[in-house]
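Below, each chain spelled out in residue letters.
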Amino acid sequence: MAVVIRKLGGTCLGPRGNRERCVERVVDNLGQDSPVVVVSAMGRKGDPYATDTLLGLLDRPDPGRNSDMLLACGEIIAAVVFSSWLEAAGIRSQPLAGWEAGICTDERHGEARILAVDTRGLERLLDRGVVPVVAGFQGRSPEGHVTTLGRGGSDITAVALGVALGARHVELFKDVPGVLNPEGRVLSRLSYQSAFRLASNGARVIHPDAVERAGRAGLPLWVRPLEGEGPGTWIRGEEREHAQNAG
């Protein structure tokens, strides 16, 4: 079965999120494809385990080893919680920290770059029919230090895993209907180049490094709304862009 990466943003998983819908989205076509889930920290600033809430626990936060160790906890909590939701729904699952999923980075705390992905552990789980739930945004350096990938880094985790596992595509579930043009219409299709420009110029729907990494590998990205049945936005190699009504 083809591997599909399904990434859930923090607002999808937070206290105001939709637990049942998240589980439904992940197990879509289970048995026809093999999902690997990537999660962000749950909620927004003020919610107990959101990244900005954790950062506020430090008197003088700085992008160093201590901050990275603390911030990595948010995604790990989300992975454990979401894995328990899948288990409660009868789906065999296992939560993994980023480094347990094979994410190796350089030593730049707060803005680390992924150097390599060892997929052997993930492949063993998939072979057993277990759904891995990976904590995004994090990895470990060759020196053994916990690192984080910067804001929006869970998108990078999802794409890096997709490339390493030869995934059919990566699905990025968001609290928006897709990538919007300046008139507020959903773009049904974008080239990697156009998506990178939008992301680099402030569109926060997807991390520009994730788009760049996907483009180099020719890995399709699908930005999808968690709620509703809108088609979202496909990011592929085509240069033409098509808009449709968001409603």
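Scoring rules and cut-offs
- Residues numbered from 1 in each chain as written.
- Predicted model: local features only at pLDDT ≥ 70, side-chain atom pairs only at ≥ 80, totals over all residues.
- Heavy atoms only, no water.
- Core = buried A, V, L, I, M, F, W, Y, C linked by side-chain atoms within 4.5 Å.
- Buried < 20%, exposed > 50% of the residue type's maximum accessible area, 1.4 Å probe, protein only.
- Contact = heavy atoms within 4.5 Å.
- Axes fitted to C-alpha atoms, helices over the stretch in contact; angles between N-to-C directions.
- Helix = DSSP H or I, 4+ residues; strand = E, 2+ residues; numbered from the N terminus.
- Parallel < 35°, antiparallel > 145°, perpendicular 65-115°, else oblique.
- Left-handed = near helix turned anticlockwise from the far one by under 90°.
- Nonpolar A, V, L, I, M, F, W, Y, C, P; charged D, E, K, R; others polar.
- Pairing = 2+ DSSP bridges.

**Student:** Outline the nonpolar core, listing residues and values.
**Tutor:** Among the nonpolar cores identified, the biggest contains 39 residues, and Ile5, Val36, Val134, Leu161, Ile206 and Ile235 are the most heavily contacted of them. With sequence-adjacent residues up to four places away left out, Leu161 is seen in contact with Ile5, Val36, Val38, Ala101, Ile103, Val117, Leu122 and Val134. If you look at the next biggest cluster of nonpolar residues, it comprises 20 residues, including Cys12, Val26, Val39 and Leu86.

**Student:** I'd like to hear about the packing of helix α7 (residues 192-200) against helix α8 (residues 208-217), residue by residue, with values.
**Tutor:** Interhelical geometry of α7 versus α8 gives an angle of 165° and a closest axis separation of 8 Å. Put simply, α7 runs roughly antiparallel to α8. For the crossing formed where α7 meets α8, the hand is left-handed. Residues Tyr192, Ala195, Phe196, Ala199 and Ser200 of α7 touch α8, and the partners they reach there are Pro208, Val211, Glu212, Ala214 and Gly215. Per-class residue counts for the contact of α7 with α8 are seven nonpolar, two polar and one charged.

**Student:** Describe the packing of helix α6 (residues 153-165) against α8, listing the residues and the values that go with them.
**Tutor:** At a minimum axis separation of 8 Å, α6 and α8 run at an interaxial angle of 15°. Judged by the inter-axis angle, α6 sits roughly parallel to α8. Every pair of crossing elements has a handedness; the one defined by α6 and α8 is left-handed. Contacts between α6 and α8 involve Asp155, Ile156, Val159, Ala160 and Val163 from the former and Asp209, Ala210, Arg213, Ala214 and Ala217 from the latter. In terms of residue class, the contact of α6 with α8 is made up of seven nonpolar, no polar and three charged.

**Student:** Lay out the pairing of strand β9 (residues 169-174) with the relevant residues and their values.
**Tutor:** In the case of a regular strand, side chains alternate between the two sheet surfaces. A large share of β9 lies buried, amounting to six of its six residues. Two strands pair when backbone bridges link them, and strand β1 (residues 2-8) and β9 are joined in this way by five bridges, in the parallel orientation. Its bridge partner lying in β9, Val4 is registered against His169.

**Student:** Break down α8 for me, with residues and values.
**Tutor:** Two residues of an α-helix separated by three or four positions point the same way, owing to the 3.6 residues in each turn. Considered for burial, the residues of α8 that qualify are Pro208, Ala210, Val211, Arg213 and Ala214. As for α8, its buried residues are in contact with β5 (114-117), α6, α7 and β11 (221-225).

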